[in-house]
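Examining the three-dimensional arrangement
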Number of protein chains: 2
Amino acid sequence: MAAIRVLLVDDHRMVLEGLRLLLQPLPHIQVVGTCASAAEALAAVAAEAPDVVLLDLNLPDQPGSAVCRQLASTYPSVKVLVLTTLNEKSMVQRLMQDGAAGYVLKNASPEELAEAISRVHAGRKYFSDEVQELLLQPTPPAPAVPTLTRREKEILPLIAQGLTSQAIADQLFLSALTVETHRRNILAKFEVNNTAALIRLAGEHGLL
Amino acid sequence: MAAIRVLLVDDHRMVLEGLRLLLQPLPHIQVVGTCASAAEALAAVAAEAPDVVLLDLNLPDQPGSAVCRQLASTYPSVKVLVLTTLNEKSMVQRLMQDGAAGYVLKNASPEELAEAISRVHAGRKYFSDEVQELLLQPTPPAPAVPTLTRREKEILPLIAQGLTSQAIADQLFLSALTVETHRRNILAKFEVNNTAALIRLAGEHGLL
DNA sequence: TCTGACCTACCGGAAAACCAGTATTTTTTC
DNA sequence: GAAAAAATACTGGTTTTCCGGTAGGTCAGA
């Protein structure tokens, strides 16, 4: 049986080197390259056609989820094994939609990592125990990030900057009344009734 | 010359194993233990008396800066080499105050890491190039987190929750007018003139 | 003991935000 | 090409915040 060809993607060189050394003694696994950015990774996949990509989510140039999606759509035969520290449920589910074949935490043991690589190469899914537990937990009331329209996305940060409706209107060449309407709609979507709570929530959801 | 005894502290087991393998071939360095939490690290330092502690900042139980401070005060002969991904100036300076002997980024090369270990063991400081550049940059206008009084610290989060001055007053058994005064003082301290900007800034400074 | 910081509380007025509707036009989407 | 969604704008009214100034009481440190 030919060795599984693995590509390593992580923005920390030390982690890359460490992983490489860790996988080196395993006869059924062959590391075909290491990348530190999304761009590098995409190029390397094209050049090396690995079986499995070990993908860290924190890359400097693109969010890992985007890389995952691109790889999955362009190279369906390449299995993406996400390797990260985040273990939020929403993130896991999102990545599965993006075509990831598995999800291993960075504090997993080397044995677990090897197991995960074999599993996804065999066409199966792999989740570390912690992640599985997370998926089994009944969905908490679903925080649900409101979907904002283009205009609303534009206005929200301006509100956060402390601009008044009039100032925003001037800047966007709108009537202040229009801005007030958008403002009300945004408040409604976030289910709050004043700016303070809105900005806090928006901040928590990374919308600023 | 005896080998430098190094203790590795990082919450990701893979990073630990990777580092261990990375340092293994170096004859002048001996890894005497690996720890995944602050508690473990403190115990291990007491037991092993290493020369150098390679310390990651993101530990599950305590902020790395606290560990650094404790180590430096309890075991002055132990050199702490901070190994992390954060490279904010304030963080670097804070850690130096906490007694760190050096600062290496996670995407440093293994050679650089070895060099850093040798340097701090020799009693010198070590900063990776990127960090040095950061330190050389003229201090940007100093963002300056405003100092809030006890009452203000109490009221600010309530504002962020979307409570009106009246509601806050009810909750704290105060006059709404008093709350308004505090509110104005808070706005003044943050140098903003409405709640939206206040909450955004407070959030950025981690005051909520 | 006095000073300064803090907490408390008030007045009056202006500005802004919030609420409940309605309505026209433009853009998107099926 | 019609329906749905979004963007625009308005009326009219209430609530809240913001601003400037004042002021008494407490408490800690010089």
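Remember, it's a predicted structure, so these values are computed and weren't measured experimentally.

With an RMSD of 1.0 Å, the operation that places chain B on chain A is a rotation of 179 degrees combined with a shift of 0.1 Å along the axis. Such a combination of rotation and displacement between the chain copies is what one expects of a two-fold axis. Ranked by how close their C-alpha atoms come to the rotation axis, the residues of chain B are headed by G18 of chain B, at 1.6 Å. Here 100% of the interface residues in chain B have copies in chain A that are interface residues too; the copies meet face to matching face.

A word on the protein's contact with DNA strand C. As a structural note, the neighbourhood of DNA strand C is formed by 22 residues, with N193 and N194 of chain A together with T149, R151 and S175 of chain B the closest of them. When residues of the surface near DNA strand C are traced back to their parent elements, those giving at least two are helix 8 (165–172) and helix 9 (176–190) of chain A together with helix 7 (150–160) and helix 9 (176–190) of chain B. Ranked by the residues each element gives to the surface near DNA strand C, the list is headed by helix 9 of chain A, at five residues. For the surface near DNA strand C, the residue count by class is three nonpolar, 13 polar and six charged.

Let us now look at helix 2 (residues 38–48) of chain B. All names here are of chain B. Every buried residue of helix 2 is listed here: A38, A41 and V45. For helix 2, the angular spread of buried residues about the axis comes to 55 degrees, placing them on one side. Looking at helix 2, the residues exposed on the side facing more than 90 degrees away from the buried face are A46 and A47. Tucked inside the fold, the buried residues of helix 2 contact strand 1 (4–9), strand 2 (29–35), strand 3 (52–56) and helix 3 (64–74).

On to the protein's contact with DNA strand D, then. Contacts to DNA strand D come from 21 residues, most closely from T149 and R151 of chain A together with S165, N193 and N194 of chain B. Top element by residues in the surface near DNA strand D is helix 9 of chain B. It accounts for five residues. Residues that form the surface near DNA strand D fall into these classes: three nonpolar, twelve polar and six charged.

Turning to the interface of chain B and chain A, a few remarks are in order. Listed by partner, the interface residues are 32 residues for chain B and 32 residues for chain A. Of all the secondary structure elements, the ones that give two or more residues to the side of chain B that touches chain A are helix 1 (13–23), helix 5 (110–121), helix 7 and helix 10 (195–204) of chain B. For the side of chain B that touches chain A, the element with the highest residue contribution is helix 1 of chain B, accounting for eight residues. In the side of chain B that touches chain A, the residues fall into 16 nonpolar, eleven polar and five charged.

This part covers the UniProt feature "modified residue: 4-aspartylphosphate" (unreviewed entry) in chain A. Residues and elements named next belong to chain A. In this structure's numbering, the residues bearing the UniProt feature "modified residue: 4-aspartylphosphate" (unreviewed entry) are D56. Inspection of the secondary structure assignment puts D56 in strand 3 (residues 52–56). In contact with D56, other than residues within four places in its own chain, are V9, D10, D11, G64, L83 and T84.

One non-glycine residue, E191 of chain A, adopts positive backbone phi at about 55 degrees. Backbone geometry places A49 of chain B, a non-glycine residue, at a positive phi of 45 degrees. In this fold, A49 of chain B is placed in the loop between helix 2 and strand 3. Among the residues examined, A49 of chain B registers 13 C-beta atoms within 10 Å and is labelled partly exposed.

Most often, soluble globular proteins keep nonpolar side chains buried together rather than apart. Ranked by size, the top nonpolar core spans 91 residues in total, and within it L54 and L81 of chain A together with L54 and L81 of chain B carry the most contacts. Top element by residues in this core is helix 1 (residues 13–23) of chain A. It accounts for seven residues. Filtering out sequence-adjacent residues up to four positions away, L54 of chain B remains in contact with V6, L7, L8, V9, L19, L81 and L83 of chain B.

Right, let's get into the sheet that holds strand 4 (residues 79–84) of chain B. All names here are of chain B. An order of 2-1-3-4-5-6 is seen for the six strands of this open sheet, with the pairing classed as parallel. Two strands lie at the open edges of the sheet, namely strand 2 and strand 6 (126–127), each paired on one side alone. Along the sheet face, helix 2 touches strand 1, strand 2 and strand 3 and points at about 140 degrees away from the line of strand 2.

What counts, and at which threshold
Residues numbered from 1 in each chain as written. Chains lettered and ligands numbered in written order. Predicted model: local features only at pLDDT ≥ 70, side-chain atom pairs only at ≥ 80, totals over all residues. Least-squares fit on C-alpha atoms with pLDDT ≥ 70 in both. Contact = placed C-beta atoms within 7 Å. Near = placed C-beta within 6 Å. Helix = DSSP H or I, 4+ residues; strand = E, 2+ residues; numbered from the N terminus. Nonpolar A, V, L, I, M, F, W, Y, C, P; charged D, E, K, R; others polar. Buried ≥ 20, exposed ≤ 12 C-beta atoms within 10 Å, placed from the backbone. Arc of directions from axis to C-beta. UniProt positions renumbered as here; feature names shortened; annotations may be inferred. Core = buried A, V, L, I, M, F, W, Y, C linked by C-beta atoms within 7 Å. Pairing = 2+ DSSP bridges. Axes fitted to C-alpha atoms, helices over the stretch in contact; angles between N-to-C directions.

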